[in-house]
Every structure is written in C-alpha cells, then in structure tokens.
Amino acid sequence: MKLTVWTYEGPPHVGAMRVATGMRGLHYVLHAPQGDTYADLLFTMIERRNHRPPVTYTTFQARDLGADTAHLFKDACRDAYDRFQPEAIIVGASCTAELIQDDPGGLAETMGLDIPVIPLELPSYQRKENFGADETFFQIVRHLAKPCEKTPRITCNLLGPTALGFRHRDDIEELTGLLSDMGVDVNVVAPMTASPSEIARLGAAHFNVMMYPETCEAACRWLKREFGQPYTTTVPIGVGATRDFITEVADLAGIEPKIDENRLRLPWYSASVDSTYLTGKRVFLFGDGTHVKAAARIARDEMGFEVVGLGCYNREFARDIRALAKEYGVEPLITDDYLEVEQTIEALQPEMILGTQMERHIGKRLGIPCAVISAPVHVQDFPARYSPQMGFEGANVIFDTWVHPLVMGLEEHLLHMFREDFEFHDEAGPSHHGGHTPEPLQPAADEEVSMADETAPPAPDNVIWLADAEKELKKIPFFVRGKARRNTETFALERGVQEISIDTLYEAKAHYAR
Amino acid sequence: MNKPANIANGGCREAPILKERGQREVFCGLTGIIWLHRKMQDAFFLVVGSRTCAHLLQSAAGVMIFAEPRFGTAIMEEKDLAGLADAHEELDREVAKLLARRPDIKQLFLVGSCPSEVIKIDLSRAAERLTQVHAPHVRVLNYSGSGIETTFTQGEDACLESMVPILPTTEAKELLLVGALPDVVEDQAIGLLEALGIGPVRVLPAGRADAMPAVGPETKVALLQPFLGETASALTRRGAEIIEAPFPFGEEGTTLWLRAIADEWGVTPEHFDAVTAAPRARARKAVAQAAEHLNGKSIFFFPDSQLEIPLARFLTRECGMEAIEVGAPYIHKGLVGADMDMLQTDCVSEGQDVDKQLDRCRAARPDLTVCGLGLANPLEAEGLTTKWAIELVFTPVHFYEQAGDLAGLFSRPIRRKELLKVAS
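For the structure given in this document, a descriptive report is provided here.

Criteria and thresholds
- Residues numbered from 1 in each chain as written.
- Chains lettered and ligands numbered in written order.
- Predicted model: local features only at pLDDT ≥ 70, side-chain atom pairs only at ≥ 80, totals over all residues.
- Heavy atoms only, no water.
- Helix = DSSP H or I, 4+ residues; strand = E, 2+ residues; numbered from the N terminus.
- Buried < 20%, exposed > 50% of the residue type's maximum accessible area, 1.4 Å probe, protein only.
- Contact = heavy atoms within 4.5 Å.
- Areas by Shrake-Rupley, 256 points an atom, 1.4 Å probe, with all protein chains shown as cover.
- Core = buried A, V, L, I, M, F, W, Y, C linked by side-chain atoms within 4.5 Å.
- Buried area = accessible area lost by both parts, 1.4 Å probe.
- Salt bridge = Lys/Arg side-chain N within 4 Å of Asp/Glu carboxyl O.
- Polar contact = N/O pair within 3.5 Å; in protein donor to acceptor, adjacent residues only side chain to side chain.
- Nonpolar A, V, L, I, M, F, W, Y, C, P; charged D, E, K, R; others polar.
- Pairing = 2+ DSSP bridges.
- Axes fitted to C-alpha atoms, helices over the stretch in contact; angles between N-to-C directions.
- Patch = residues over 30% accessible without salt bridge, like charges linked within 9 Å, V, L, I, M, F, W, Y side chains within 5 Å.
- Lys, Arg positive; Asp, Glu negative; His and termini not counted.
- Charge placed at Lys NZ, Arg CZ, Asp CG, Glu CD.
- Phe/Tyr/Trp six-rings, centres within 6.5 Å; stacked < 30°, edge-to-face > 60°.

## Some remarks on the overall build of chain A
No. 1: A count of helices and strands for chain A gives 22 helices and 15 strands.
No. 2: Split into buried and exposed, the 514 residues of chain A put 60% on the buried side.
No. 3: For chain A, restricting intrachain contacts to residue pairs at least 6 apart in sequence, the fraction spanning at least 24 positions comes to 72%.
No. 4: Surface accessibility of chain A: about 21300 Å² in total, with carbon and sulfur atoms responsible for 51%.

Rendered as structure tokens:
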C-alpha cells in the first residue's frame with residue numbers, strides 16, 4: 001500500500017480508453033463497477049470531445065456479485081455489438097473486475113461474434129496508464145495487421161498519437177506536412193484517427209514513425225519483426241531533434257535530407273540580443289520520459305538554459321532518464337510521488353520549471369514560473385489554436401511557451417535598476433501577466449513578519465540570517481531571490497559560517513558569479 | 001403563493017416508475033470527498049483503494065486544489081492482494097506516517113472502495129484499532145464510498161451515517177440540520193431559523209471535530225439534501241424525529257421547509273410571515289428574472305446527484321418548465337415523497353440504461369438536458385442544450401437568497417445558446 005495524493009498516470013484501462021477513443025470503428029467493452037464511468041469525462045471535458053468514448057461499462061453493483069456478473073458482461077458485449085456495430089471489439093477488466101476473475105476475453109470469445117474480439121490483459125495493480133495504452137495498441141496491431149504489399153510511393157505510418165495526448169492532434173498535422181515536404185506520404189496514422197480496417201493496412205508502409213514511444217513502442221517493435229518495417233527513434237521535438245529526424249527519415253526512405261527551413265524561427269529568436277537574459281537560467285525538468293528527453297536538449301542547446309535537475313514519472317523510461325541525467329551532470333528523479341517532486345524543486349530552487357500540470361501547481365505555490373511540456377493534461381493543454389510540439393512550428397511554439405512565464409528581458413534589467421520604485425516594484429510580477437498582478441504589499445507595523453519570504457524553505461538549522469542580510473536579500477528581485485537565498489546558505493554551510501551577514505551574501509554572489 | 005402547495009393536483013408519488021437496469025453513467029460515492037473535506041476542516045479522508053480511485057478523485061476535483069489536499073488514496077498493490085503483505089499492517093503504517101506529517105488532523109475517515117469491498121478488508125475493525133492507537137488526538141471512522149454500493153451523493157450519506165453512533169446524547173429539544181452545505185448558506189439558514197425563534201440549531205457535519213452536535217429523543221431533524229436516507233435512519237434509531245418537508249430549493253421549497261420546522265416549534269403564521277416576507281419577495285423577484293428564459297421550456301433529467309426530483313419540482317412550479325423525464329439513481333419516497341406530491345412530469349425513471357435513455361432524450365429533443373460531464377459535450381454536439389449536474393452540488397443553491405442563482409444555473413445555457421451567432 002502506498003499513500004498517493006495526486007497521480008501522474010491513471011490506471012491501465014484508461015490507457016486502453018485513450019487508444020479506443022482515438023480510433024474509429026472500434027468499441028471497448030469494459031467489465032467495471034459503476035463509478036468507473038468517470039473516465040468518460042476526461043475525454044468529453046478535458047479534450048472537449050464531441051462524442052462519448054466508445055466504451056461500454058458493465059457497471060456491476062454489490063448485489064450482482066453474489067449472482068452472475070459473467071452474464072452481465074456477455075449482455076453488455078452483445079448490446080454493444082448490436083448498437084454500435086463496430087469493426088472490432090476490445091474487451092478487458094478494470095481493477096475491481098480483475099479481482100472477481102470473470103475472464104472477459106474468454107467470455108467474449110464464446111459468443112461467436114463475427115468481428116475480431118481482442119482480449120486485453122492489463123494488470124491494474126502493477127502497471128499504469130501509459131503501459132495500458134502501449135499494450136492495447138500492440139494487441140490491436142498484432143490481431144489486425146495483415147501482411148500486405150508495399151505502396152508504390154514511399155509512405156510511412158505515424159504511430160503513437162492517442163486521445164488525451166499532449167498536443168497529439170497538432171503533432172500529426174505538423175509531421176504530415178514535414179514528411180510531405182520531403183516527398184514521403186502518410187499511409188496510416190494510428191491509433192488516433194485509424195479504423196480497424198486501416199490497422200490491417202499498416203504493413204503497406206515502407207517504415208514507421210514512432211511519435212511517442214510511451215504509447216507505441218511495443219507495436220513498432222512487432223511491426224519491425226513481422227513486416228520488416230524499420231522505425232524512427234528520434235522524437236522530432238526541438239530544432240536539433242527535428243533535423244536529426246529528417247536525416248533519419250531520409251536514410252530510411254533513401255532520399256535526400258533536404259527541406260525548407262523557412263518557417264523555423266527558434267534559432268534566430270534565441271540568438272537575437274533580446275534573448276541574452278535567458279543565458280544560464282536554471283531550469284528543472286519533469287514529465288514523461290520522451291518529453292523530458294526532448295526538452296533537456298532544447299533547454300541546454302537551443303535556449304541556453306542550465307538544466308539543474310530532471311526526472312520522469314514513468315518507470316518504463318527510468319534507464320533512459322538516468323543516462324540523460326548523467327550526460328547533464330545532474331541527479332535523476334524517477335518517481336510518481338508528487339510530494340517528492342515538490343521537495344526536490346524546493347531544494348533546487350530553479351528559476352523555471354518545465355513540467356506537467358502538477359509542477360505548474362508546485363511552481364505556483366513556490367513562486368517559480370512554469371511551462372508545461374508533458375502529460376498529464378488539463379483543459380488548457382488543448383488550445384483552440386494550432387500549437388504542435390513537433391517539427392519546426394513545434395520549436396517556434398516551444399520558444400514562445402517557455403519564454404512566456406518569465407519576466408521579459410529588458411523588464412528584468414529595469415526591475416534590477418528601479419526595484420524600490422513604488423509603482424514598478426518587483427512584487428508586481430511580469431508585466432505581461434496583468435491578471436495575476438497582486439496589490440503592492442502594504443508596509444505594516446509587523447513588516448518583518450509579513451515580508452518574510454513564504455516560499456523560501458527554512459534555513460538549515462545551524463545557519464541564521466542576520467536582520468540586515470535578510471533585508472538586503474529582499475532587495476533582490478523575486479525571480480532570483482530563491483536562488484540567491486539557497487546559494488548563500490550553501491556557501492555558508494560549506495564554510496562553516498553560522499551567521500549570514502551582508503558580506504556573506506555578496507561573497508556568495510561573487511563565488512557563484514558566472 | 002402564501003398558502004401551502006396544492007398537492008391534490010397531480011403529484012407523481014403514486015405514478016408508475018420506469019425502472020431500468022443497464023449501463024449507469026454515474027459517479028461513485030468517493031466523489032463526495034471533494035466537498036466533504038472542504039466542509040470538515042480538521043478531517044482527512046483516506047481512501048483504501050486502487051489507482052482508479054485516486055484518478056477519479058483527481059479528475060473530479062479537476063486538480064484545482066493547490067495545497068496538499070486533505071484526502072488521499074492508499075493504493076493497494078499486487079503484494080496486498082496476493083496476501084504477501086498484511087493489509088492491516090500496511091494500513092497502520094500509512095496512517096501513522098500520515099498523522100505524523102499532518103498533526104492538524106483530528107478526524108480520519110477510512111473510506112472503502114470497490115476493490116477493498118471485493119477483497120473484504122474490514123475497515124471497521126481497522127478504524128476501531130486505529131482509534132485506540134491514536135486516541136485521544138484523532139478519531140478514526142470508516143464508511144464505504146464504493147461504486148458497487150454507493151452512487152455519487154450517497155457517499156456523503158454513508159459518511160454522515162458513520163458519525164451518528166459517536167455523537168453525544170442530549171435530552172434537550174434541538175433542531176439538527178443534516179447535510180454539508182457551504183458556510184454562507186448554512187449561516188443564512190441558521191439566521192432565518194433563529195429569527196423565527198427556533199433553536200438551538202445544530203449542524204451535522206460540524207466544521208470541526210470538537211463542535212459535533214448531540215442527538216436524543218427530543219432532537220428534531222431537518223434534512224438539507226435529498227440523499228441522506230441512511231443518516232436519517234441512524235438518527236431515528238438514536239431517538240430523533242425527522243421532519244418531513246419538500247427540500248429548500250426555490251422560494252416555495254424553502255418556505256415549506258421552514259414552515260414544517262416552524263410547526264414543530266409552534267411559530268405563529270403571523271410571526272412566520274413577518275420573518276419570511278422580505279426574503280421570499282427577493283427570492284421570487286430573482287427567480288422571475290431567470291425564469292423568463294425558462295418559462296414554457298422542456299427539461300430532461302439524467303440520473304446523477306439525487307437532487308433531480310426536488311429540482312424538477314422547483315423548475316416546473318416556480319420557473320414554468322415542463323419536465324419530460326425526471327431520472328434519479330434511486331427513489332426513496334420517505335425522503336422525496338413531499339417533493340413528488342408537488343411534481344408533475346411525463347415520466348419518473350429510476351436506475352439507468354444510459355443508451356436507452358439517450359434514445360428517449362434524442363427523441364424528445366428537450367430544450368434543456370441535465371446530465372453528467374461525460375454526456376454533456378456529446379449532447380451539445382448533437383444540438384441539445386445541457387446543464388452539467390455536478391455544478392448543482394458544488395454551488396450554493398439552497399434557500400431564499402440562492403433561489404435566483406439556482407434558476408440562473410439552468411437559464412444560463414439557454415441564454416448562451418441564444419447569444420452565440422456562429423454555428424459550431
């Protein structure tokens with residue numbers, strides 16, 4: 001048993017739902033108690049889907065448990081077949097149904113339906129949402145994909161996008177365009193948008209594009225083994241990764257890696273002098289393994305940030321993330337415990353977090369700006385406008401998204417200069433976030449208390465801040481104050497200094513100067 | 001409007017009920033934790049369940065709570081199920097860790113879930129044991145919010161029921177209000193009752209563990225919500241008497257509810273009118289504004305929060321709507337009988353077969369459909385106008401001063417549809 005406050009991933013059957021909901025003509029019959037239907041709202045509300053997910057739940061109740069829940073399952077399966085007339089059905093159990101051991105796969109098989117019935121074994125007490133999606137897509141491919149002749153033109157399949165994915169909708173469009181510019185057509189996009197009959201045609205493509213390893217790696221491997229289809233391993237998020245991806249595709253397709261980069265703006269935006277202030281910004285990265293890997297490269301090589309920590313919540317990618325952390329010279333954080341992530345961020349005091357919606361909340365609490373780079377998703381992660389993460393437009397979107405939470409370059413200088421100005425005080429926050437500007441703090445009799453930096457962790461037990469140093473610290477603009485506090489305390493601790501004076505503060509500043 | 005409702009004219013208490021069995025598109029009782037943990041400020045709700053339970057709570061809460069919330073899930077793992085770990089020892093360890101980290105917690109609810117019920121983890125035994133371990137600082141109670149036993153708001157019923165046996169005993173004649181309402185609404189109710197000379201007024205659940213009410217043979221109970229049947233029974237067993245009345249939604253409902261309590265305390269009609277006249281007039285005025293958009297419109301309720309019957313009564317009688325179908329997860333005539341007496345509708349349905357009900361809804365093309373979040377956008381995409389039901393339990397809607405807001409929740413989607421000039 002493990003106490004969990006917030007979770008990064010749902011149970012594995014939610015992963016199966018993401019696959020089924022992304023597809024067309026497929027139905028999922030899920031043996032589950034009433035209440036598990038909550039999962040529908042993830043799709044209809046967060047993603048604003050205009051259809052119910054294609055899922056029939058048996059919604060058994062306590063009174064059914066003494067009787068015949070297997071019969072209930074078969075009725076639900078028959079009703080779903082009659083009503084929705086799917087091309088194929090996937091069947092499985094949620095966590096509770098797994099305990100009553102009705103074997104939905106076996107039951108469905110005995111019903112003699114004239115369509116493919118694909119049983120899913122998703123161990124709810126061991127695995128999670130991404131595994132569920134990966135395994136479900138793999139089983140669908142394994143059951144439905146047939147050997148077929150390759151298309152005359154060079155084509156590929158785009159694999160991995162699902163319902164409720166982080167920007168999957170727009171990544172499909174961006175990659176389709178990019179590949180088209182290279183002279184490569186898309187055979188099938190799956191699971192999102194594909195029907196079972198299209199899955200049958202996967203083998204006609206010359207190679208596969210593995211868009212999101214989290215949700216399609218098992219299928220990519222199987223297709224390579226069975227149909228000899230190679231697959232791409234670079235996820236084209238960021239400028240460098242997109243260029244590598246283009247080279248990889250050109251190799252697989254036997255064509256020239258030539259492409260018009262006219263639309264790409266990130267490199268110039270990053271090189272232009274206004275971006276100088278981004279230099280060495282200390283960032284912490286957390287999310288799914290794939291997006292963190294991509295974001296680390298962008299952060300360091302394309303934005304000029306300093307990566308001070310990184311991690312992922314999906315253990316399937318622990319090895320990759322450990323290797324990545326080693327390359328970046330930081331400690332990897334592999335956990336799905338939200339409190340542990342919060343503690344790590346609090347200790348590292350980064351200037352920005354690149355994380356999930358969870359880290360956005362952590363950032364809000366600690367007063368650290370945050371940009372979202374990965375699922376788990378929120379209604380905000382499905383913007384009306386076109387905003388991919390992949391390809392050249394994806395890189396442009398990422399530049400804007402990551403810069404937005406920060407105080408703008410010139411404004412940062414002005415804040416340093418006029419930090420005691422009564423109107424232009426630094427507590428006001430970035431000027432382009434008007435709605436969030438708090439009232440100026442009222443000087444009060446208990447100023448020392450009310451001005452205390454609530455977001456800062458308490459000083460280590462054996463170090464105290466002298467009053468004038470504490471006051472000096474407050475003159476430092478808010479967006480670097482946390483770092484200054486932490487650096488000074490580390491500096492003092494390392495030197496066995498018990499009391500932090502103004503001199504200690506500036507000695508530490510000089511020590512950490514870059 | 002000043003006289004009691006005309007109940008001879010076509011209530012639906014005795015009308016046949018369409019009972020259905022099939023897929024139910026409803027939340028489980030765990031969902032109640034979302035509002036219960038805000039109400040009871042020193043309580044923690046520990047669900048003993050699966051990743052699905054944790055995911056449900058998070059999805060229903062919309063990840064809107066910044067701080068560490070006062071609820072969590074002890075997620076069972078493979079080793080707990082295989083008998084490799086003793087579930088009770090594991091639970092004791094997690095509870096000890098939690099209470100050490102959160103010394104502000106005075107009440108701990110162990111909440112049963114579908115998996116914990118199926119593998120029969122005895123949470124009442126665990127609660128007794130943990131109460132002894134952590135007494136006197138923390139009191140540990142247990143109830144089930146599992147989907148196999150409870151539907152959505154029944155979770156609050158199960159929670160409050162679990163508190164009844166430990167309430168102190170009193171011989172005093174007191175009014176006990178039962179149901180977790182936002183403080184602002186609760187204060188309004190108490191203000192009105194005190195102005196009528198009714199009291200002392202106690203509330204279950206109280207905001208803090210040390211303020212819990214007492215119960216005894218002279219206790220009169222007024223329910224605030226139509227889903228507290230088990231709590232009402234438990235209070236009856238402690239000698240309390242339940243005051244039957246329509247629920248306090250809208251001007252009429254609030255007046256009848258107050259009148260039923262006032263009768264128990266012998267409040268004169270003159271005094272009653274003097275106290276209620278001004279808020280009643282305000283409520284009528286506020287409802288009338290929203291009702292402009294609702295008058296003559298048809299409404300269809302999918303089963304969700306159990307509020308359907310009292311709300312349909314309010315919308316048909318005070319806002320001029322026509323109820324095509326009023327669906328409720330279950331119908332307890334001992335609770336909603338008084339509302340049913342005043343409700344005219346073409347169809348009352350209990351339970352659900354969601355696909356068949358969707359067929360009926362599409363055929364009827366109601367002007368407004370009240371349904372859960374899983375159905376709302378799909379129905380909107382089919383051209384229907386919807387009101388998602390969970391807002392009705394998250395928003396202050398009881399009593400006179402909220403009557404206009406309540407009507408507004410239903411008129412807003414209709415007004416919005418009229419405003420938008422671009423087809424979707």
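Let's pick the thread back up.
## Here's the deal with the nonpolar core
No. 1: Y28 and I199 of chain A together with F45, F109, L175, L177 and F410 of chain B are the most contacted members of the largest nonpolar core, which totals 182 residues.
No. 2: Those residues in contact with F45 of chain B that sit more than four places away from it in its chain are I33, L36, H37, M40, R70, F71, G72, F109, V111, Y143 and C159 of chain B.
No. 3: Counting residues in each nonpolar core, the second largest holds 59 residues, with M303, A325, Y328 and I398 of chain A among its members.

## A few points about the interface of chain A and chain B
No. 1: Across the contact, 55 residues belong to chain A and 62 residues belong to chain B.
No. 2: Note on chain A versus chain B: buried area summed over both sides is about 5300 Å², and carbon and sulfur give 60% of it.
No. 3: Summed over the three residues of chain A that lose the most area to chain B, namely M1, L3 and W6 of chain A, the buried surface amounts to 19% of that side.
No. 4: Linking chain A to chain B there are four salt bridges.
No. 5: In this structure, the salt-bridge partner of R52 of chain A is D355 of chain B, at a minimum N-O distance of 2.9 Å.
No. 6: At the surface where chain A touches chain B, the tally comes to 27 residue pairs in polar contact (both at pLDDT 80 or more).
No. 7: Broken down by element, the residue count for the side of chain A that touches chain B peaks at five residues, all from helix 2 (residues 39–46) of chain A.
No. 8: For the side of chain A that touches chain B, the residue count by class is 25 nonpolar, 16 polar and 14 charged.

## Digging into the pairing of strand 13 (residues 368–371) of chain B
Residue and element names in this part refer to chain B.
No. 1: Residues L368 and V370 of strand 13 are buried on one face, and the alternating residues T369 and C371, pointing to the opposite face, are buried as well.
No. 2: Across three bridges, the pairing between strand 10 (residues 298–301) and strand 13 is parallel. Each residue of the ladder has a partner; that of I299, found in strand 13, is L368.

## Describing the pattern of salt bridges
Residues and elements named next belong to chain B.
No. 1: In this structure the tally under the stated criterion is 50 salt bridges over all chains.
No. 2: Residues K19 and E350 are paired through a salt bridge, measuring 3.7 Å at the closest nitrogen-oxygen approach. Here K19, found in strand 1 (residues 17–21), pairs with E350, found in strand 12 (residues 348–352); they are 331 residues apart in sequence, far enough to count as distant.
No. 3: For K19, a relative accessible area of 63% gives the class exposed.
No. 4: A salt bridge links E94 to K97, with the shortest nitrogen-to-oxygen separation between them at 3.5 Å.

## Let's talk about the sheet that holds strand 11 (residues 332–334) of chain A
All names here are of chain A.
No. 1: One open sheet holds the five strands; their spatial order is 11-10-9-12-13, and the pairing between them is parallel. Two strands in the sheet have a free side with no partner beyond their single neighbour: strand 11 and strand 13 (370–372). Each strand of the sheet is rotated relative to its neighbour by a mean of 20 degrees, with strand direction disregarded.
No. 2: Of the pairings in the sheet, the one linking strand 12 (residues 352–355) to strand 13 comprises three bridges and is parallel in character. Residue pairing for strand 13: G355 is matched across the bridge by V372.

## Looking at a negative patch on the surface
Residue and element names in this part refer to chain A.
No. 1: A cluster of like negative charges, contributed by D68, D75, D79 and D82, occupies part of the molecular surface.
No. 2: On the secondary structure map, D79 appears in helix 4 (residues 69–84).
No. 3: On the basis of relative accessibility, which here comes to 46%, the residue D79 falls in the partly exposed class.

## A look at the sheet that holds strand 6 (residues 155–159) of chain A
All names here are of chain A.
No. 1: Spatial strand order, 7-6-8: three strands in an open sheet with parallel pairing. Among the strands making up the open sheet, the edge pair consists of strand 7 (185–190) and strand 8 (207–210). Looking at each pair of strands side by side, their axes are set apart by 25 degrees on average, direction ignored.
No. 2: Note that strand 6 and strand 7 share four bridges and pair parallel.

## Some thoughts on the packing of aromatic side chains
No. 1: Considering all chains together, one arrives at 14 aromatic pairs over all chains under this definition.
No. 2: On the numbers, 5.5 Å between centres and 85 degrees between planes, the contact of Y269 of chain A with F399 of chain A is edge-to-face. A residue pair is termed long-range when its members are at least 10 positions apart, and Y269 of chain A in helix 12 (residues 266–271) and F399 of chain A in helix 17 (residues 391–403) qualify at 130 residues.
No. 3: Among the aromatic residues, ring-to-ring pairing joins F27, W35, F152 and F394 of chain B into one connected group.

## Section: helix 1 (residues 12–22) of chain A
For an α-helix, the turn length of 3.6 residues means that residues three or four places apart are oriented alike.
No. 1: Of all eleven residues making up helix 1 of chain A, eleven are buried, and the element is well covered by its neighbours.
No. 2: Turning to helix 1 of chain A, its buried residues are P12, H13, V14, G15, A16, M17, R18, V19, A20, T21 and G22 of chain A.

## Overview of unusual backbone geometry
The phi torsion of most residues other than glycine is negative, and most of the peptide bonds are trans.
No. 1: Cis rather than trans, the peptide bond between A375 of chain A and P376 of chain A has omega equal to 5 degrees.
No. 2: For P376 of chain A, the position within the fold is in the loop between strand 13 and helix 17.
No. 3: In this model, G199 of chain B is joined to P200 of chain B through a cis peptide bond whose omega is -5 degrees.
No. 4: Position of P200 of chain B among the secondary structure elements: in the loop between helix 8 (183–195) and strand 7 (201–204).
No. 5: Notably, Q349 of chain A is not glycine yet its phi reads approximately 45 degrees, a positive angle.
No. 6: Its location among the elements puts Q349 of chain A in the loop between helix 15 (338–348) and strand 12.
No. 7: In this structure Q349 of chain A comes out as buried when scored by relative accessible area, which is 7%.

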